[in-house]
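Structural features, examined
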Amino acid sequence: MSNVNVLTGPEVAAHSSRDSCWIIVHGKVYDVTDFLDEHPGGSKIILKYAGKDATEAYDPIHPPDAITTNLPVEKHLGAIDVSTVAKVVKEVTEEEKRRQALMEARPPLENVINLHDFEQVARIVLPEKAWAYYSSASDDEITIRENRLAYQRVWFRPRILRDVSSVDWSTTILGQKSSLPVYISATALGKLGHPDGELCLTRAAANHGVIQMIATLASCSFDDIVDAAGPGQNFFVQLYVNRDREITRKYVQHAEKRGVKGLFITVDAPQLGRREKDMRMKQVDDGAGAEVQKGHEVKKDQGVARAISSFIDPSLSWKDIPWFLSITKMPIILKGIATAEDAILAYEAGVQGIVLSNHGGRQLDTARSGLEVLIEVTAALRSRGYFPDPKFEIYVDGGVRRASDVLKALALGAKAVGVGRPFLYAFCSYGQAGVEKAIQIFRDEFEMNMRLLGARTLDELVPEMVDASALTNHVVLTPQDNLFQNTYQPLTSAQFKES
Ligand code: 173
């Protein structure tokens, strides 16, 4: 006989007020009365489920263990006898019906031929709130657009007659084999866009030898993701540093124990950027609010990301780096370096790498693209004898949509690039198969572009293969070629089926 306390539906339903608030999550009953005002997403959303089963609302925005780790054990009241819980007949909203019809009418996956196609499909099939959260960037969204434009200011200088019958784009990242010079960068809250969340990435990455960076604020728990690994599959982990360093220490050491190969500490988010598309959704009042680590109350009109980010420590500083180096043997990478000055400090602090990143345009608007920062960083490190150094890798992320983008970054000194949103959009619109297709698209593009560029391996990519002289020039005028412009047919996205 189990000695677990079993409660009934009516018993739970009797606690449906601010004075006594019980909820059911994943078949367990919790007393959240004292937690109501601590919930980063506000008390209102919890009270909506007072006395009821909140699992469906909870799942997309909380890692499964958020409630058990944050609520003291004496508030874990027991299991629910499911046969006694009144079934709530969930009404399918008009919005949901419309979305399901659009999902049915998605372009077949074989018609998706580039990474932009995934974004176009995701924009149409995602729930509005999910699209707003994922796609938003800070302020005027100048940086997110510049991230794309920067790649267009770099031109190739291809070499010819090099026998490119066989080309190889595999590499190592932090010493780990990777079938592409690309890793899946961390993006949060995957279940807002797909019921399996980040596991879609894990399963696809397992089949293709690609490394996934697990986000601190993933919807799936860290352990669920690592447990889903295929043989020999490798992970990195992205870290938001908690005000409570003991929580951070445990998280880091647990990741190391589970075999994670690199710790990417986010250093560009002491406060979350104001992402206005997300903010306009007023998500917080009607559904948001995750707390994976201990949180603090925030304003209620700030969008989902801000609602769940209050645990992040804005006092993080260079003085903390020795502590990180002392608590783990995992390589440490600082994610979000934006200047040569800080790249030098990172090197001198003894970390193993940096990501030149502006957080997908979601933090400081009008911060420069990672690609532009790369040329200043390699020059400054080189002048001090710090570059190249096989023990210090440089990555770039933001705006990468083509293998040609990746090749430009590698020619200019990056070891690999991070790709976030395109993989996220791939699984939101097509699940695991979408991510596999995205990887296949990269492969096809690497093969073609490396042949045309005259580089048989990634080692053969040298700075002389690109002309980056316009990269720092943010206004580059080129005379309009009218005849060409008149005849050029713009590319189109994958088409939806007739409904
Ligand atoms: O970019 C983000 O949205 C992000 O990094 C984040 C930070 C805190 C909570 C959720 C997401």
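Rules used in this analysis
Residues numbered from 1 in each chain as written. Predicted model: local features only at pLDDT ≥ 70, side-chain atom pairs only at ≥ 80, totals over all residues. Heavy atoms only, no water. Helix = DSSP H or I, 4+ residues; strand = E, 2+ residues; numbered from the N terminus. Rg over C-alpha atoms; globule rule 2.2 N^0.38 Å. Buried < 20%, exposed > 50% of the residue type's maximum accessible area, 1.4 Å probe, protein only. Contact = heavy atoms within 4.5 Å. pLDDT = per-residue confidence, 0-100. Near = heavy atom within 4 Å. Polar contact = N/O pair within 3.5 Å; in protein donor to acceptor, adjacent residues only side chain to side chain. Areas by Shrake-Rupley, 256 points an atom, 1.4 Å probe, with all protein chains shown as cover. Axes fitted to C-alpha atoms, helices over the stretch in contact; angles between N-to-C directions. Parallel < 35°, antiparallel > 145°, perpendicular 65-115°, else oblique. Left-handed = near helix turned anticlockwise from the far one by under 90°. Nonpolar A, V, L, I, M, F, W, Y, C, P; charged D, E, K, R; others polar. Phe/Tyr/Trp six-rings, centres within 6.5 Å; stacked < 30°, edge-to-face > 60°.

1. Describing the overall build of the protein chain
Secondary structure assignment for the protein chain yields 19 helices and 16 strands. A compact globule built from 499 residues should have a C-alpha radius of gyration of about 23 Å, and the protein chain, at 24 Å, falls within 12% of that. Along the first, second and third principal axes, the C-alpha atoms of the protein chain reach 80 × 60 × 45 Å. Looking at the protein chain as a whole, 53% of its 499 residues qualify as buried. Residue pairs in contact within the protein chain that sit at least 24 positions apart in sequence constitute 76% of those at least 6 positions apart.

2. A closer look at the confidence of the model for the protein chain
The predicted structure's coordinates, where accompanied by low pLDDT, should not be read in detail. Across the protein chain, pLDDT averages 91, with 94% of residues at or above 70. Confidence over residues 283-298 falls short of pLDDT 50; this stretch has 69 contacts with residues more than four positions distant or in other chains.

3. Things to note about the site of the ligand
Close to the ligand lie Y133, A188, L217, Y240, L272, R275, A305, I308, S309, H359 and R362. Residue Y240 places a side-chain N or O atom 2.4 Å away from an oxygen atom belonging to the ligand. Here an oxygen atom of the ligand sits 2.7 Å away from a polar atom, N or O, in the side chain of R275. When the free accessible area of the ligand is taken as 290 Å², the share hidden by the protein chains comes to 94%.

4. Topic: unusual backbone geometry
Cis geometry marks the peptide bond from F387 to P388; its omega dihedral reads -5 degrees. For L189, which is not a glycine, the phi torsion comes out positive at approximately 55 degrees. Mapped onto the elements of the fold, L189 is located in the loop between β8 (182-184) and α9 (199-208). With a phi close to 70 degrees, T366 is a non-glycine residue in the positive phi region. Along the chain, the position of T366 falls in the loop between β13 (353-356) and α16 (370-383).

5. Description of the packing of helix α15 (residues 340-349) against α16
Interhelical geometry of α15 versus α16 gives an angle of 50 degrees and a closest axis separation of 8 Å. Here α15 lies oblique to α16, going by the angle between them. The interaxial crossing formed by α15 with α16 has right-handed handedness. Within the contact between the two elements, α15 uses A340, E341, A343, I344 and Y347 and α16 uses E376, V377, A380 and L381. Of the residues contributing to the contact of α15 with α16, the split by class is seven nonpolar, no polar and two charged.

6. Here's the deal with α9
Each full turn of the α-helix corresponds to 3.6 residues, which orients residues three or four apart in the same direction. Counting buried residues along α9, seven of its 10 residues qualify, which places the element largely inside the surrounding structure. Of the surrounding elements, those touching the buried residues of α9 are β8, β9 (212-214), α10 (222-227), β10 (235-239) and α18 (421-453). Just beyond α9, the residue with positive phi is G209, at close to 60 degrees.

7. A few points about the packing of aromatic side chains
Enumeration according to the criterion identifies 15 aromatic pairs in this entry. Note on F118 and Y430: the rings are 6.0 Å apart at their centroids and 75 degrees apart in plane angle, and the pair reads as edge-to-face. Linking F118 in helix α6 (residues 115-125) with Y430 in helix α18, this pair joins segments that are 312 residues apart in sequence. Both residues of the pair, F118 and Y430, belong to the buried class.

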